[in-house]
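Single-letter residue listing:
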Amino acid sequence: MICAGRSVSNAPVGAPAPPIRAISVLPDVTGIDRRFTYLIPEDYEGPAIEVGDLVRVNLAGRRVRAWVLAREGDLSAELPDGVLAKPILGFVSRALSQEIVDLAEACARYYVSRLRPFLGAGTPDRNVRPGDLSAAQAKRAAAIRARREVSAGERHPGYRAGDPVALLARRLFDEGGGVIELPPNAARLLLVESLLEAVMTREPSATLLVLVPEHRDVAILAKHLVELGRSCAALPEEHVLAASGVDVVIGTRTALFAPIEHLGGIVVLDAHAESYRDERAPNWSAPTVARLRAVAARVPLILVSPCVPLVFSRDSEPAKLETALARAYWPVIETLDRRGDDPRSGLYATELGEMIREALARDDRRVAVILNRTGRLRLLACHFCGEIARCEHCGGAMHQRERAGSGAANLLHCVSCNAERPELCAICGRARLRSLRVGATRAAEELGAIVGVETGLVTGATIDEVAAPLIVGTEAVLHRLRAASLVVFLDFDQHLLAARFGAAEESLALLCTAGRLVGGRATRRADHPWRRVVVQTRLPEHEVLLAARAGDPSQLRAGERALRRELSLPPFSALALASGGDATELARRLGALPSSPSEHRRLEVVPFGGVAAGRYLLRAPDHEVLASSLRLVHSRELNLRLEFDPRAL
DNA sequence: CGGACAAGCTGA
DNA sequence: CAGCTTGTCCGG
């Protein structure tokens, strides 16, 4: 037991000891993730230090930032013998709040993870001085005054309290939250507006937190809401404003960690979107964290999606619009059945060129053509003997690579071992190879020639604005354009047949995204009959295509639900992938856990990708069983990565 | 993470 | 045995 006060205080013997101001902090240093006790010096003159603030401390001789996790009156119980708490070096920034620190701790527990990634997610990029808050509050007061002047007649022209979308949202909010299946072209702004009304009816000063998948959507939605006279903080730029109390806070997944003084509800738009999942460990996903926050704050959570994944509708169907109405908001989807086509016609159905030419001629909007493969030729075969071009060293498929300088012969390049050789067949030695699978780069060249217009290429790597009327590329195209007359999927079977159990849901999501660009069936018919989504496929009767054409994903979901229940796949089980140096040790410890009484609650540990890979797939009946087992055996000294709901499956 | 320190290796 | 590398531990 120590008296840390002695190290900082010269209080005379016999006088009452001054209060010890100790704080518990977590340093912002990777690989530490431990709490340390520091003191606020007696002569400290900076701003009052609160839970969630960033302070600077001296840790093992280094000056580092650290989050304040708790204020402790008495540190005698916390410190081991002989350890003296050091004073903090100063205040750095306001960052989080008690609620967000609690949320981060709940997340770390849920994902059996370190705390630092979650604290980091909510911390603003730029330091916030305590004084900045009052300026933001002044701005908020102005915004509220402005809002009072908005009369009912000045509302968004589309807003009607009796609109089916508004009613649906209102009903779900009043029931305490839930899932809404909102078709691709139904007004999301109307839904948000309705939820905002609901929040403010319940508590006028409360804030609605709105999540969107991409940063681009933040500005668009925020602009609309401001036009409606709502005070609105767009994250991450307006972190301070969000903390000061506004009607709406909008942001991408990190907005879940925004300090909001009085949260009234959370809505996650396009809850199916993959960008809601952090690709870095601990791979947290926004709908899951949104649920943790909503439960802690006791506010409704509304998940909205045109294609509600099974994880959000395991046992019951989402709330939805009446079928005929929903159908009107779905795009026209047309399939080009390629089964009968001559295989030599390549990637393009005979009528495709004419379809694109018509859309370009009759519409100001651009045409988007999607092929989700980058590069030129992804799989090559000898024109004469049919042998696939493979690497002599590792046997992997070789791709075509352009050689620097024009006119030079192409080289074949092995993606896995980097070997190169001239473009010759390894078996018969002849130099004529043909492509079995064409990449987006090559498709852009070919389509440009077929249609006879300027063609732009967009992939995930494209940075510049692309102005061409015909855009060819990977699905990055769908996120780049705001509207299109025609969207073509050149090889949709690649998505439908992907060897992942989520492939069907992801394929439907692609059609929904494309459907937003071309608009709904109801608005299209008379004036823009060519606006549609065209899908080239050899599987025109695939249930994904049937569901999309019917504008009703519930039939697809019913099939998936039965299948996944049968196979005990999520959401009828919980999965995690353990990898890294000590994954084998983790697997051993999990295997040694005493099995619980009822057999079905057992945890399965299966080597993944071969025993030698040192990766293990963990399966339990539900997340809580999985996480609590992992919490029992995981410890700080184990070097491993845990990925819940792994994507690679 | 990165500094401190201990253990292990090398050359004179 | 100094001088160096490598490995392990720990931070308040």
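Shown above is the structure to which this text applies.
Bear in mind the structure is a predicted one, so any value in this text is a computation, not a measurement.

Peer 1: Would you take a moment to explain the overall build of chain A for this structure?
Peer 2: Counting secondary structure elements, chain A contains 20 helices and 28 strands. Residues classed as buried in chain A amount to 50% of the 649 residues present. Within chain A, contacts between residues at least 6 apart in sequence are counted, and of these 71% link residues at least 24 apart. Carbon together with sulfur atoms contributes 51% to the accessible area of chain A, which is approximately 30100 Å² in total.

Peer 1: What should I look at first to understand the pattern of salt bridges in this one?
Peer 2: Close approach of charged atoms allows side chains with opposite charge to pair. Evaluation of the coordinates by the stated rule reveals 39 salt bridges. Here Asp174 ties to Arg170 by a salt bridge, and the two come within 3.4 Å at their closest N and O atoms. On the criterion of helical spacing, the pair formed by Asp174 and Arg170 is a turn pair, its members being four residues apart in helix α5 (residues 164-174). Residue class for Arg170 comes out partly exposed when judged on its relative accessible area of 28%. Several salt bridges converge on common partners, so that one network encompasses Glu181, Glu317, Lys320, Arg557 and Arg561.

Peer 1: Quick question: what am I supposed to make of the protein's contact with DNA strand C here?
Peer 2: Among the 15 residues in the neighbourhood of DNA strand C, the closest are listed as Arg34, Thr37, Tyr38, Leu79 and Lys86. Looking at DNA strand C alone, sugar and phosphate atoms form 44% of those within 4 Å of the protein. Between DNA strand C and the protein, one listed contact pairs a base nitrogen with a side-chain N or O atom of Arg62 at 3.4 Å. Each residue belonging to the surface near DNA strand C can be placed in one class, and the counts come to 10 nonpolar, one polar and four charged.

Peer 1: Please clarify how the protein's contact with DNA strand B should be interpreted in this entry.
Peer 2: Lining the immediate surroundings of DNA strand B are Val29, Thr30, Gly31, Ile32 and Arg62. Taking all atoms of DNA strand B within 4 Å of the protein, the share assigned to sugar and phosphate is 47%. A distance of 3.0 Å is found between a sugar or linking oxygen of DNA strand B and a backbone nitrogen or oxygen belonging to Thr30. Here a base oxygen of DNA strand B sits 2.7 Å away from a polar atom, N or O, in the side chain of Arg62. Split into classes, the residues belonging to the surface near DNA strand B amount to two nonpolar, two polar and one charged.

Peer 1: Looking at this structure, how should I read the packing of aromatic side chains?
Peer 2: How two aromatic rings sit relative to each other is set out by the distance from centre to centre and by the angle between their planes. Here the structure, examined in full by the defined rule, presents seven aromatic pairs. Taken together, a centroid distance of 6.1 Å and an interplanar angle of 40° make the contact between Phe118 and Phe257 tilted. A residue pair is termed long-range when its members are at least 10 positions apart, and Phe118 in helix α3 (residues 116-122) and Phe257 in the loop between β10 (248-251) and β11 (263-268) qualify at 139 residues. Where Phe489 meets Phe492, the ring centres are 5.1 Å apart and the plane angle is 70°; that geometry is what we call edge-to-face. Classification of Phe489 as buried rests on a relative accessible area of 1%. The buried category is assigned to Phe492, whose relative accessible area is 0%. Connected via pairs of aromatic rings, a cluster forms that spans Tyr110, Tyr111, Phe118, Phe257, Trp284 and Phe644. Above the plane of the ring of Trp284 lies Arg253, whose end atom (NZ or CZ) is 5.9 Å from the centre.

Peer 1: Whenever I open this one, the environment of Leu26 confuses me. Can you help?
Peer 2: With respect to the helices and strands, Leu26 occurs in strand β1 (residues 22-27). With 39 residues separating them along the chain, Leu26 and Arg65 place their C-alpha atoms 8.6 Å apart.

Peer 1: Would you mind showing me how to read the nonpolar core here?
Peer 2: Membership of the largest hydrophobic core comes to 69 residues, with the highest contact counts inside it found for Phe257, Leu586 and Leu618. Per-element tally for this core: the top contributor is helix α2 (residues 98-110), with six residues. Residues Phe173, Cys232, Ile302 and Leu321 belong to the second largest nonpolar core, which totals 37 residues.

Peer 1: Would you take a moment to explain the sheet that holds strand β22 (residues 470-473) for this structure?
Peer 2: Paired through their backbone hydrogen bonds, the strands of a sheet run either parallel or antiparallel. An order of β14-β24-β23-β15-β22-β21 is seen for the six strands of this open sheet, with the pairing classed as parallel. Taken across any chain shown, the strands that pair with only one partner, and hence form the sheet edges, are β14 (333-337) and β21 (455-458). Put simply, the sheet's adjacent strands are angled 20° from each other on average, direction ignored. Here strand β15 (residues 367-370) runs beside strand β23 (residues 486-489); their pairing, made up of four bridges, is parallel. Residue pairing across strands places Ala368 opposite Val487, the latter belonging to β23. Taken strand by strand, helix α12 (residues 440-451) contacts β15, β21 and β22, and its axis lies near 150° from that of β22.

Peer 1: What am I meant to see in the packing of helix α6 (residues 188-202) against helix α7 (residues 215-227) here?
Peer 2: Helices that pack against each other are described as a pair by the angle of their axes relative to one another and the distance between those axes. At their nearest, the axes of α6 and α7 sit 11 Å apart, and the two run at 55° to each other. Here α6 is positioned oblique relative to α7, judged by the angle of their axes. The chirality of how α6 crosses α7 is right-handed. Two secondary-structure elements touch here, α6 through Leu189, Val192 and Glu193 and α7 through Leu221, His224 and Leu225. Among the residues making up the contact of α6 with α7, the classes are represented as four nonpolar, one polar and one charged.

Here is what the cut-offs are and how they apply
- Residues numbered from 1 in each chain as written.
- Chains lettered and ligands numbered in written order.
- Predicted model: local features only at pLDDT ≥ 70, side-chain atom pairs only at ≥ 80, totals over all residues.
- Heavy atoms only, no water.
- Helix = DSSP H or I, 4+ residues; strand = E, 2+ residues; numbered from the N terminus.
- Buried < 20%, exposed > 50% of the residue type's maximum accessible area, 1.4 Å probe, protein only.
- Contact = heavy atoms within 4.5 Å.
- Areas by Shrake-Rupley, 256 points an atom, 1.4 Å probe, with all protein chains shown as cover.
- Salt bridge = Lys/Arg side-chain N within 4 Å of Asp/Glu carboxyl O.
- Near = heavy atom within 4 Å.
- Polar contact = N/O pair within 3.5 Å; in protein donor to acceptor, adjacent residues only side chain to side chain.
- Nonpolar A, V, L, I, M, F, W, Y, C, P; charged D, E, K, R; others polar.
- Phe/Tyr/Trp six-rings, centres within 6.5 Å; stacked < 30°, edge-to-face > 60°.
- Lys NZ or Arg CZ within 6 Å of the ring centre and 35° of its normal.
- Core = buried A, V, L, I, M, F, W, Y, C linked by side-chain atoms within 4.5 Å.
- Pairing = 2+ DSSP bridges.
- Axes fitted to C-alpha atoms, helices over the stretch in contact; angles between N-to-C directions.
- Parallel < 35°, antiparallel > 145°, perpendicular 65-115°, else oblique.
- Left-handed = near helix turned anticlockwise from the far one by under 90°.

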